[in-house]
Amino acid sequence: MNTVTITRVAPARWEAVADDRIVGHGDLSHRPDGRLFISIDVWQGAVFDELAAAMLADLPEPLHTVVGEADHDLRASWEALGFTVGRREREYDLPTDVRETGLGGLRLPPDVTILPAGAADESLLRALDRVIREEVEATVGWRTMPAEVLPLPAGSMPVDPAKYATAVRGGEYVGLVRVGRVRRRARIGLLAVRADHRRHGIGRALLAHALGALHRDGVDSAWAEVDESNAAAIALAEGAGARRSGGCLELVRR
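The rules behind these values
Residues numbered from 1 in each chain as written. Predicted model: local features only at pLDDT ≥ 70, side-chain atom pairs only at ≥ 80, totals over all residues. Heavy atoms only, no water. Helix = DSSP H or I, 4+ residues; strand = E, 2+ residues; numbered from the N terminus. Buried < 20%, exposed > 50% of the residue type's maximum accessible area, 1.4 Å probe, protein only. Polar contact = N/O pair within 3.5 Å; in protein donor to acceptor, adjacent residues only side chain to side chain. Phe/Tyr/Trp six-rings, centres within 6.5 Å; stacked < 30°, edge-to-face > 60°. Lys NZ or Arg CZ within 6 Å of the ring centre and 35° of its normal.

Caption draft 1: Spotlight on the environment of S229. Within the fold, S229 resides in the loop between β11 (221-227) and α6 (231-239). On the basis of relative accessibility, which here comes to 55%, the residue S229 falls in the exposed class. A C-alpha to C-alpha distance of 7.9 Å links S229 and R88, two positions 141 residues apart in sequence. At 2.4 Å, the side chain of S229 and the side chain of D227 are in polar contact.

If you want it as structure tokens, here you go:
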């Protein structure tokens, strides 16, 4: 391969060219919480190093990237550039059959009802979403949350009631679970309960409802990602028969 030329072809994209053909590219994404994530796709290690060096020279720090926990070579490449592990996330497969989840005989907590997806009042659901976002900001922070609950620009609160089942207690919306479907699998994208209603079994009831609804629709399994520091979420998932299927690392260079 002849000399590699690195060019920033757009504000969020770099290309590596050799012998008049593209041999790799790098991308930048701006998360709503202000973090910058970079990714690189190349076919040769030497190109990775050159492309990464060009991107790092152009961009402010801190910078973040995500690698699969089993991709030791890619992790080593980023670590050689000064990136260190900032966060670990577990990936789980969850069965939907109550014979495997053990949630078949679960009773709802007192005064709690579950509204199926599409049944929630949109204004009340938006209000619950806003409360949950404020609680995240004040406690665990955005870095521990999945993409669905990242802070959004002022006035931008896209909430689709068709994707959320909602827990109602005493007329108040107190919890929600978001499910996304891909063919015969589904993703539990977000499960959250208001801080003042936790430790009453509402999260477990929401998970049981979501998995049960999927099973009735012929969906055999779901998957979810959980921050490794979130002991309560890990216990909830594993208590419903979840099996560890992998994980990823968020690396940061400061």
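Caption draft 2: Quick look at the packing of aromatic side chains. Counting across every chain of the model gives two aromatic pairs. Between the aromatic rings of F48 and W78, the centroid separation amounts to 5.1 Å while the plane-to-plane angle is 75 degrees, which identifies the pairing as edge-to-face. Taken together, the residues F48 in helix α1 (residues 45-58) and W78 in helix α2 (residues 72-79) connect sequence positions 30 residues apart. As far as burial versus exposure is concerned, F48 and W78 are alike and both buried. Seen from their ring centres, W78 and F83 are 5.0 Å apart, and the 65 degrees between their planes marks the pair as edge-to-face. Neither residue differs from the other here; W78 and F83 are each classed as buried. These aromatic residues form a ring-pair network of at least three members: F48, W78 and F83. Looking at R31, its charged tip hangs above the ring of F37, at a distance of 3.9 Å from the centre.

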